[in-house]
Amino acid sequence: MAILSIGKTVLGEGIPKIIVPLMGNTTEQLVQEVNEVKRVKPDIVEWRVDVYEHVDQIEAVQAMISTLRKVLSDELLLFTFRSHKEGGNKEVPVSYYVELLQAAIMTKKIDLVDVELFTGEKYVKELVETAEANGVYVIMSNHDFEKTPSKQEILTRLCKMQELGAHIPKIAVMPNGVEDVITLLEATNTMKTNYADRPIITISMGGKGLISRLAGECFGSAATFGAGNQESAPGQIPVPELRRALGTLHKFR
């Protein structure tokens with residue numbers, strides 16, 4: 001598995017990088033939240049724009065990106081609209097989803113953009129092309145809040161993301177038992193060992209899947225999500241505790 005350097009941040013080697021979501025609904029909440037999140041020193045800050053009250057106004061979203069960028073001088077900024085079908089806060093037409101991501105990319109003030117695999121291959125390719133033209137890296141993602149697909153299906157989706165040009169393939173699934181967590185971890189290790197030529201992110205959500213958020217360095221996941229003011233998915237733990245656990249695993253590997 002190759003490494004990927006974005007600014008001063010290197011993904012794919014050493015301790016998994018910590019991503020912290022911003023979940024504020026208003027401009028005022030986001031300004032307060034981003035300053036609080038900055039204090040815990042994440043590697044990447046994810047703006048979950050689907051929660052934002054003005055998400056349907058592209059100019060307001062672009063202005064908020066500029067505001068966040070001024071605060072986040074050292075951290076990478078990831079722009080994410082999580083679709084309703086994959087656990088997000090708001091349902092919008094695919095055409096608007098694509099328009100919004102294109103507008104965010106073309107500000108050139110974000111470092112990474114989340115593009116959902118099942119948006120449609122035509123749209124995904126367009127977004128990857130726009131991102132590459134503007135120096136933005138693509139985390140291509142898929143989320144299943146109901147179940148954990150088979151190991152082969154997880155591998156198929158991750159490989160498809162590579163094929164479509166993802167700089168970082170990502171999959172998050174829900175375990176219904178310990179065996180599902182093992183399936184996710186086995187798929188992660190197989191992907192890293194046999195197929196991945198770039199960093200990947202894999203997550204087993206909820207309390208049952210917590211080990212997957214901690215043991216990425218052992219199995220092959222290059223980043224993990226920690227909770228700032230509010231978790232964006234089940235199973236995220238506060239950054240200080242997450243950092244201590246990651247450090248301990250790294251020290252004694």
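Here we summarise the structure given alongside this text. Keep in mind the model is a prediction, meaning the values are calculated, not measured. (Residues numbered from 1 in each chain as written. Predicted model: local features only at pLDDT ≥ 70, side-chain atom pairs only at ≥ 80, totals over all residues. Heavy atoms only, no water.)

**Considerations on the sheet that holds strand β5 (residues 76–80)**
- Overall, parallel pairing links the 8 strands, which are arranged β9-β8-β7-β6-β5-β4-β3-β10 in an open sheet. Two strands close off the open sheet at either side, each with one partner strand: β9 (201–204) and β10 (223–225). Averaged over all pairs of adjacent strands, the angle between their axes in this sheet comes to 25 degrees, without regard to strand direction.
- Two strands pair when backbone bridges link them, and strand β4 (residues 44–48) and β5 are joined in this way by 5 bridges, in the parallel orientation. When the sheet's bridge partners are listed, Trp-47 is paired in β5 with Phe-79. (Pairing = 2+ DSSP bridges. Helix = DSSP H or I, 4+ residues; strand = E, 2+ residues; numbered from the N terminus. Axes fitted to C-alpha atoms, helices over the stretch in contact; angles between N-to-C directions.)

**Some remarks on the nonpolar core**
- The biggest cluster of nonpolar side chains holds 60 residues, and the ones touching the most others in it are Trp-47, Val-49, Phe-79, Leu-100, Ile-110, Val-113 and Met-140.
- If we skip the residues at most four places from it in the chain, Phe-79 touches Trp-47, Val-49, Val-61, Ile-65, Leu-100, Leu-101, Ala-104, Ile-110, Leu-112, Val-113 and Asp-114.
- Grouped together as the second largest cluster of nonpolar side chains are 18 residues, Leu-11, Ile-44, Ile-168 and Ala-223 included. (Core = buried A, V, L, I, M, F, W, Y, C linked by side-chain atoms within 4.5 Å. Buried < 20%, exposed > 50% of the residue type's maximum accessible area, 1.4 Å probe, protein only. Contact = heavy atoms within 4.5 Å.)

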